[in-house]
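# A closer look at the structure
Here is what each chain is made of, one letter per residue.
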Amino acid sequence: MRPIALSLLAAVSLSCSQTTVPAHTHNTGPAAPPAEREAAPLAPVAEAELPVVQHPLAAPPAVPPPTGRAAPAKVVVNLEVREVTRPIADGATYTFWTFGGTVPGPMIRVRRGDLVEMHLQNHPTSTMPHNIDLHAVTGPGGGATSTFTAPGHQTQFTFRALNEGVYVYHCATAPVGMHVANGMYGLIAVEPEGGWPRVDREYYVMQGEFYTRGNYREPGQQPFDMRRAIDEDPAYVVFNGRDGALTGAGSLNARVGESVRLFVGNGGPNLVSSFHVIGEIFDRVYPEGGSRPNTNVQTTLVPAGGSAIADFRVEIPGTFILVDHSLFRTFHKGTLGMLRVAGPEDGLVYSGREVDEAYLGDQSPHVASLQRGAADGATLAPGEATFIGTCSACHQRNAAGLPGVFPPLAASDYLAADKTRAIRTVLAGVSGPITVNGQPFNGAMPPLANLTDHEVADVLTYVRSHFDNHGDAVTTAEVAAVRASLAAPSPTGHP
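Note that the structure is a prediction, hence the values are computed from the model and not measured. (Residues numbered from 1 in each chain as written. Predicted model: local features only at pLDDT ≥ 70, side-chain atom pairs only at ≥ 80, totals over all residues. Heavy atoms only, no water.)

### Let's talk about the overall build of the protein
Of the regular secondary structure elements, the protein holds eleven helices and 23 strands. When burial is assessed residue by residue, the protein has 51% of its 495 residues classed as buried. Accessible surface computed for the protein: about 21,200 Å², of which carbon and sulfur atoms make up 56%. (Helix = DSSP H or I, 4+ residues; strand = E, 2+ residues; numbered from the N terminus. Buried < 20%, exposed > 50% of the residue type's maximum accessible area, 1.4 Å probe, protein only. Areas by Shrake-Rupley, 256 points an atom, 1.4 Å probe, with all protein chains shown as cover.)

As structure tokens, this is what we get:
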């Protein structure tokens, strides 16, 4: 392998003082955005005369506190690479390659003009060499050429933060795409000398894709699939390394009247993010993590290997949904997060009810409360979450359907008569006239082939054993057999 290729293999490690930094009030500078300006040239510094700062590390979505400094310092950062196996979705696990044991790796926060001493450790249990390429570095490989690190070794290099902005860092060891796709990315924020405008809360959100052999939410340990990665066909597109990472107990929080800043990154390695918060308008966006903000922005593009800063004030309480507005990714691959805002209502701003549970699917507050209730003795039957999140929007929570529009699933002779037909209906959809319980219906149900075999089996078993139905269980083997019998889609997407 040529030296330049080897230089694209390095190991970053996130060991240093793992200080947990809560996402609380962060006063980060002047109250109004600075006027557009060219940054003044940096004055030379003498390394020996700079104060030394040990950089605190925080697990995402927490953000390190503002530097609070009016002059440069020497900032020492310790990153440890760890290869860890943990859930990527409920029931599914994956072996992540990480900076500091988290995906994304901890956010690094320095000030323009700082001298950054980067220490990279690769844990002895790692199976691969790793390195780090920081887009904030002016130098060969962004540091990758200096940090190729074998398991059980550590490396070090120093750079000066010449440019303000928010930058991606990632592993650049060959095959680079595989290292990134396994979770090796994060953000480094370089504050302008005067800091960014003050906000009450800051959070760190990073999108990434995972190319598992099994499909979305398929259970079991899932290996990396290089063919899917090359074809840019991810099973998961998620925030912060896991399906549901920013929902339930992991939701972001704020109070009415507070200002919120989201440091948003996109590790890729392939897809562009259309980042949007449903029910909010960004007051100020620094596109691509740069210096000049746009105002009143609905959706901002975040390229693979890129970033953005999104600032907004929350005026009313409720649950606000973070999405990639490439919406099939959101509802079928996992790019869905929540910002929960507490405080008094303001009927002049908004007078409607909160978000419909069916819209949130199995991440809805109702389902989350049922899942939490299991710890107190309540249980969520297998398939119930899928029914609430997918089926109840049309067939209603009591499975009674809507007369003349959506057929009932309750006491359904259609479901009871033919188990194979019921499975085929879920997988392939159905259109045209049917009769259920003696009543005619003529509509269309879309195929739900995105559901895994076990999800289809569980939801049909749940419906067939509830709502005055008395059918037997549906097995994953039965679902798999029906799926295999269906005609494969043509390249146009039609059978």
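### Details of the environment of N122
Mapping N122 onto the fold places it in strand 5 (residues 115-122). Sequence spacing of N122 and R82 is 40 residues, and the spatial spacing of their C-alpha atoms is 6.8 Å. At 3.1 Å, the side chain of N122 and the backbone oxygen of T149 are in polar contact. (Polar contact = N/O pair within 3.5 Å; in protein donor to acceptor, adjacent residues only side chain to side chain.)

### A closer look at helix 7 (residues 384-395)
For helix 7, with twelve residues, the first-to-last C-alpha span of 14 Å runs short of the 16 Å given by 1.5 Å per residue. Looking at the residues trailing helix 7, positive phi occurs at Q396, about 75 degrees. (Expected span 1.5 Å × (residues − 1).)

### So, unusual backbone geometry
Only a minority of non-glycine residues have a phi that is not negative, and only a minority of peptide bonds are not trans. Omega for the peptide link from A174 to P175 comes to -5 degrees, which places this bond in the cis form. Here P175 lies in the loop between strand 8 (165-170) and helix 2 (176-181). Located in the positive-phi region is N296, a residue other than glycine, with phi close to 55 degrees. Relative to the elements of secondary structure, N296 occurs in strand 17 (residues 294-297). On the accessibility criterion, N296 (60% relative accessible area) is exposed. Unlike most non-glycine residues, A411 shows phi in positive territory, near 45 degrees.

### Describing the confidence of the model for the protein
Averaged over every residue, the pLDDT of the protein is 87; the share at 70 or more is 85%. Note on residues 1-25: pLDDT under 50 across the span, and 100 contacts to partners over four residues away in sequence or across chains. Predicted confidence for residues 489-495 stays below pLDDT 50, and this span has two contacts to residues more than four positions away or in other chains. (pLDDT = per-residue confidence, 0-100. Contact = heavy atoms within 4.5 Å.)

### With respect to the pattern of salt bridges
Following the criterion strictly, the structure yields 21 salt bridges and no others. In this structure, the salt-bridge partner of R261 is D311, at a minimum N-O distance of 2.9 Å. Here the residue R261 occupies a position in strand 14 (residues 259-268), and D311 occupies one in strand 19 (residues 306-313), the gap between them amounting to 50 residues. Each member of the pair, R261 together with D311, is buried. In this structure, the salt-bridge partner of R329 is D324, at a minimum N-O distance of 2.8 Å. (Salt bridge = Lys/Arg side-chain N within 4 Å of Asp/Glu carboxyl O.)

### Considerations on the pairing of strand 14
Regular strands have side chains that alternate between both faces of the sheet. Within strand 14, ten of the ten residues are buried, which leaves it mostly tucked inside the rest of the structure. Judged by which residues are buried, strand 14 turns out to be covered on both faces: S259, R261, F263, G265 and G267 on one side and V260, L262, V264, N266 and G268 on the other are all buried. Alignment of strand 10 (residues 201-210) against strand 14, held across eight bridges, turns out to be parallel. Residue pairing across strands places Q207 opposite N266, the latter belonging to strand 14. As defined by bridge partners, strand 14 adjoins strand 19 across eight bridges and the pair is classed as antiparallel. Paired with N266 across the strands is G306, a residue of strand 19. (Pairing = 2+ DSSP bridges.)

### Observations regarding the packing of helix 10 (residues 453-464) against helix 11 (residues 476-485)
Following both chains from N to C, one finds helix 10 and helix 11 inclined at 115 degrees, their axes separated by 8 Å at the closest point. Considering the relative orientation of helix 10 and helix 11, their crossing is right-handed. Contacts between helix 10 and helix 11 involve D453, H454, V456 and A457 from the first element and T476, V479, A480 and R483 from the second. (Axes fitted to C-alpha atoms, helices over the stretch in contact; angles between N-to-C directions. Left-handed = near helix turned anticlockwise from the far one by under 90°.)

### With respect to the packing of helix 7 against helix 10
Taken N-terminus to C-terminus, the directions of helix 7 and helix 10 make an angle of 90 degrees; their axes are 8 Å apart at the nearest point. It follows from the interaxial angle that helix 7 and helix 10 lie roughly perpendicular. Facing helix 7, whose interface residues are E384, T386, F387 and C391, helix 10 presents V459, Y462 and V463. (Parallel < 35°, antiparallel > 145°, perpendicular 65-115°, else oblique.)

### Some details on the sheet that holds strand 6 (residues 133-134)
With mixed pairing, the four strands of this open sheet are ordered in space as 4-9-8-6. Only two strands of the sheet have a single partner each, and these edge strands are strand 4 (108-111) and strand 6. The sheet contact formed by strand 6 and strand 8 spans two bridges and is antiparallel. Bridge pairing in strand 8 places L134 opposite Y169.

### Description of the packing of aromatic side chains
Inspection of the entire model under this criterion finds 13 aromatic pairs. Sitting above the plane of the Y414 ring, R421 keeps its charged end 3.8 Å from the centroid. (Phe/Tyr/Trp six-rings, centres within 6.5 Å; stacked < 30°, edge-to-face > 60°. Lys NZ or Arg CZ within 6 Å of the ring centre and 35° of its normal.)

### Overview of the side chain of Q222
Of note, Q222 is situated in strand 11 (residues 220-222). Judged by its relative accessible area of 6%, Q222 is buried. Within polar-contact distance, the side chain of Q222 engages the backbone nitrogen of G214 at 2.7 Å. Once residues within four sequence positions are removed from consideration, Q222 is found in contact with T93, Y94, T212, R213 and G214.

### Details of the nonpolar core
The nonpolar side chains of a soluble globular protein tend to be buried, and buried together. In terms of nonpolar packing, the biggest core is built from 30 residues, with L187, F210, Y236 and F263 touching the most fellow members. Taken together, the elements giving at least two residues each to this core come down to strand 2 (74-89), strand 3 (92-99), strand 8, helix 2, strand 9 (185-191), strand 10 and strand 12 (236-239). (Core = buried A, V, L, I, M, F, W, Y, C linked by side-chain atoms within 4.5 Å.)

### Concerning the sheet that holds strand 18 (residues 299-302)
Strands sit in the order 13-21-20-15-18 across an open sheet of five strands; the sheet is mixed. Two strands bound the open sheet, and with one partner strand each, they are strand 13 (252-255) and strand 18. Strand-to-strand twist in this sheet, taken as the mean axis angle between neighbours without regard to direction, amounts to 20 degrees. Pairing between strand 15 (residues 273-278) and strand 18: four bridges, direction antiparallel. Opposite S273, over in strand 18, you have V302 as the bridge partner.

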